[in-house]
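# Topology and contacts: notes
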Amino acid sequence: MKLLTADELVQMVSAIFTANGMSPTNAAAVANVVMMAERDASFSHGLFRIPAYVSTLKSGHVDGRAVPVVTDAAPSVVRVDAGNGFAQPAIEAGRHLLLQKARQTGLASMAIHNSHHFAALWPDVETFAEEGMVALAFVNSRMRIAPWDAPRRLIGTNPMAFACPRQDAPPLVWDQASSVMAQGAVLIAAREGRQLDEGVVIDAKGQPTTDPNDLQAGGALRSFGTHKGSSIALMVEVLAAALTGANFGFEDSESEARGSATQNAGELIMVIDPKTFGSSNLAVRVSALLAHLQSGGVSRLPSESRHKARIANGNGIPVSEELYAQLSAMAGQAE
Ligand code: NDP
């Protein structure tokens, strides 16, 4: 097992991305969220995703050299055209203005369109909570959910994330797909030969199955919480796509692009300054609420497992020798 520093891991992943056509700036922004996922043991969005990023770049479906265009659209709205590139460079480009507007107006939003989001969402909100803000993010993604009682995929796994500050602790963050399980986690189960619980996936004929391979063979994920999760997936599609001017999953012109794992879609990030809303001590109040929950029997809070992994990996992020060799070889490839 090798232990890599965060910088070493970002550099290695950036080298793979630039070798496959990304600009150095874009590669660094995307490599950073891959590193954060691996560091925090969010494995379904860490190094596991590299081959899919590469095949998406090679398919030409996404522009690795895109330069996001930021528009100051209103006193509380930042609009970003990601230029058919990944969402992370777009977020970087608009982040400062969004934070400034949230501080000025109390509640500001960033509407990103023409973008590809293939990462975990918590990095998109956690940094705002570290600045004392409350933040929400919504992303629409490639069609993989069969909503309500439908027998086939119609809507994205549409993740959403929430972050708020806590007293004397890292922000409280939750980040979840609208599906019972994220697609990446199903792919990992398939790779490891594990069966799924019932109710996670249906097969290509619309029948319940516990075989994770059925998802890739034309099946679909179910939304969490039956009809309630389907309604949330619908809301995310409206907020992330219809509101921002992005494509719905079913409108993606290249939805079947060979080798492409992402969809040309959108993201909405909302940032709230608690002070403007009358809360001078939000972090203290949140911590009091969490203490109440814990004293009432809650044994694990969202973001807890990530924070534990982050501390455990403080002296280095473990990467197996085999994976390290694979990544090194990929980083050495010529464009
Ligand atoms: P999980 O179900 O693994 O976790 C969802 C949230 O619940 C996390 O915040 C997690 O905290 C928390 N949690 C997990 N178990 C418990 C528990 N027992 N008690 C309390 N809280 C708990 O996530 P999903 O499978 O839904 O999604 C995985 C990832 O996939 C997300 O990061 C999501 O953004 C990403 N995704 C990205 C898409 C894209 O298009 N970019 C599409 C769909 C998903 P903790 O962090 O501590 O584990």
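Residues numbered from 1 in each chain as written. Predicted model: local features only at pLDDT ≥ 70, side-chain atom pairs only at ≥ 80, totals over all residues. Heavy atoms only, no water.

On to the overall build of the chain. For the chain, the helix and strand inventory stands at eleven helices and 14 strands. Against the compact-globule benchmark of 20 Å for 335 residues, the chain has a radius of gyration of 20 Å, which places it among compact chains. Dimensions of the chain, computed from the C-alpha atoms along their principal axes, are close to 50 × 45 × 40 Å. Among the 335 residues that make up the chain, the fraction classed as buried is 51%. The long-range fraction of contacts in the chain, counting pairs at least 24 apart against all pairs at least 6 apart in sequence, stands at 67%. Separation of charge centres in the chain, based on 26 positive and 32 negative side chains, amounts to 2 Å. (Helix = DSSP H or I, 4+ residues; strand = E, 2+ residues; numbered from the N terminus. Rg over C-alpha atoms; globule rule 2.2 N^0.38 Å. Buried < 20%, exposed > 50% of the residue type's maximum accessible area, 1.4 Å probe, protein only. Contact = heavy atoms within 4.5 Å. Lys, Arg positive; Asp, Glu negative; His and termini not counted. Charge placed at Lys NZ, Arg CZ, Asp CG, Glu CD.)

The contact between helix H1 (residues 6-19) and helix H2 (residues 24-39) brings their axes to 8 Å, and the two run at 130°. Classified by the interaxial angle, the pair formed by H1 and H2 is oblique. For the crossing formed where H1 meets H2, the hand is right-handed. Of the residues in H2, those touching H1 at Ala6, Leu9, Val10, Val13, Ser14, Phe17 and Thr18 are Pro24, Ala27, Ala28, Val30, Ala31, Asn32, Val34, Met35 and Glu38. Considering only residue class, the contact of H1 with H2 consists of twelve nonpolar, three polar and one charged. (Axes fitted to C-alpha atoms, helices over the stretch in contact; angles between N-to-C directions. Parallel < 35°, antiparallel > 145°, perpendicular 65-115°, else oblique. Left-handed = near helix turned anticlockwise from the far one by under 90°. Nonpolar A, V, L, I, M, F, W, Y, C, P; charged D, E, K, R; others polar.)

Time to look at the sheet that holds strand S3 (residues 77-86). Spatial ordering of the open sheet is given by S2-S3-S4-S13-S5-S8-S9, a layout of seven strands whose pairing is mixed. One side of each edge strand has no neighbouring strand; the edge strands of this open sheet are strand S2 (69-74) and strand S9 (169-176). If you compare each strand with its neighbour and ignore which way they point, the axes differ by 15° on average. Together, S2, S3, strand S4 (107-116) and strand S13 (265-272) form the strand contacts of helix H4 (residues 87-105), whose direction differs from that of S4 by roughly 165°. (Pairing = 2+ DSSP bridges.)

Turning our attention to the pattern of salt bridges. For the structure on display, the rule yields nine salt bridges. Ionic pairing is found between Asp40 and Arg310, a salt bridge with its closest N-O pair at 2.7 Å. Here Arg310 lies in helix H10 (residues 304-312) and Asp40 lies in the loop between H2 and helix H3 (50-59), a separation of 270 residues in the sequence. On the basis of relative accessible area, Asp40 is assigned to the buried category, the value being 1%. Of the charged contacts in the structure, one is a salt bridge between Asp72 and Lys101, with a shortest N-O distance of 2.5 Å. Separated by 29 residues along the polypeptide, Asp72 in strand S2 and Lys101 in helix H4 bring together distant segments of the chain. Within this structure, Arg39, Asp40, Glu126, Arg306 and Arg310 form a network of salt bridges that share partners. (Salt bridge = Lys/Arg side-chain N within 4 Å of Asp/Glu carboxyl O.)

Before going further, it helps to spend a moment on the nonpolar core. Phe17 and Ile50 are the most contacted members of the largest nonpolar core, which totals 56 residues. Considering every element that reaches this core, the biggest residue donor is H2, with seven residues. When sequence neighbours within four positions are dropped, the list of residues in contact with Phe17 reads Met22, Ala27, Val30, Ala31, Val34, Ile50, Tyr53 and Leu57. By size, the runner-up hydrophobic cluster in this structure holds ten residues, among which are Ile145, Val186, Val200 and Leu221. (Core = buried A, V, L, I, M, F, W, Y, C linked by side-chain atoms within 4.5 Å.)

Quick look at the site of the ligand now. Around the ligand, 20 residues are found, and the nearest of them are His45, Ala119, Asp175, Ala177 and Ser305. Between Ser305 and the ligand, the recorded distance is 2.9 Å, taken from a side-chain N or O atom to an oxygen atom. Within the side chain of Arg306, a nitrogen or oxygen atom sits 3.4 Å from an oxygen atom of the ligand. Among the elements of the structure, S9 and H10 are those that each provide at least two residues to the shell around the ligand. (Near = heavy atom within 4 Å. Polar contact = N/O pair within 3.5 Å; in protein donor to acceptor, adjacent residues only side chain to side chain.)

It is worth spelling out helix H6 (residues 183-191) at this point. What H6 keeps buried is the set Gln183, Gly184, Val186, Ile188 and Ala189. Structurally, H6 contributes buried residues whose contacts are with strand S6 (143-146), strand S10 (201-202), helix H7 (213-216) and strand S12 (220-222). One or two steps after H6, the chain reaches Gly193, where phi turns positive at roughly 70°.

To continue, consider the packing of H2 against H4. It is the contact of H2 with H4, at a shortest axis distance of 8 Å, that shows an interaxial angle of 105°. As far as their axial angle goes, H4 and H2 are roughly perpendicular. Each of Asn26, Ala29, Val30 and Val33 in H2 lies in contact with H4, whose residues at this interface are Gln88, Pro89 and Glu92.

With that out of the way, let us pick up the packing of aromatic side chains. Counted according to the given criterion, the structure contains five aromatic pairs. In textbook terms, an aromatic cluster arises when at least three aromatic residues are bridged by ring pairs, as seen for Phe17, Tyr53, Phe86 and Phe118. Its end group placed over the ring of Phe118, Arg49 keeps NZ or CZ at 4.5 Å from the ring centre. The aromatic ring of Trp122 is capped on one face by Arg306, whose charged end is 3.9 Å from the ring centroid. (Phe/Tyr/Trp six-rings, centres within 6.5 Å; stacked < 30°, edge-to-face > 60°. Lys NZ or Arg CZ within 6 Å of the ring centre and 35° of its normal.)

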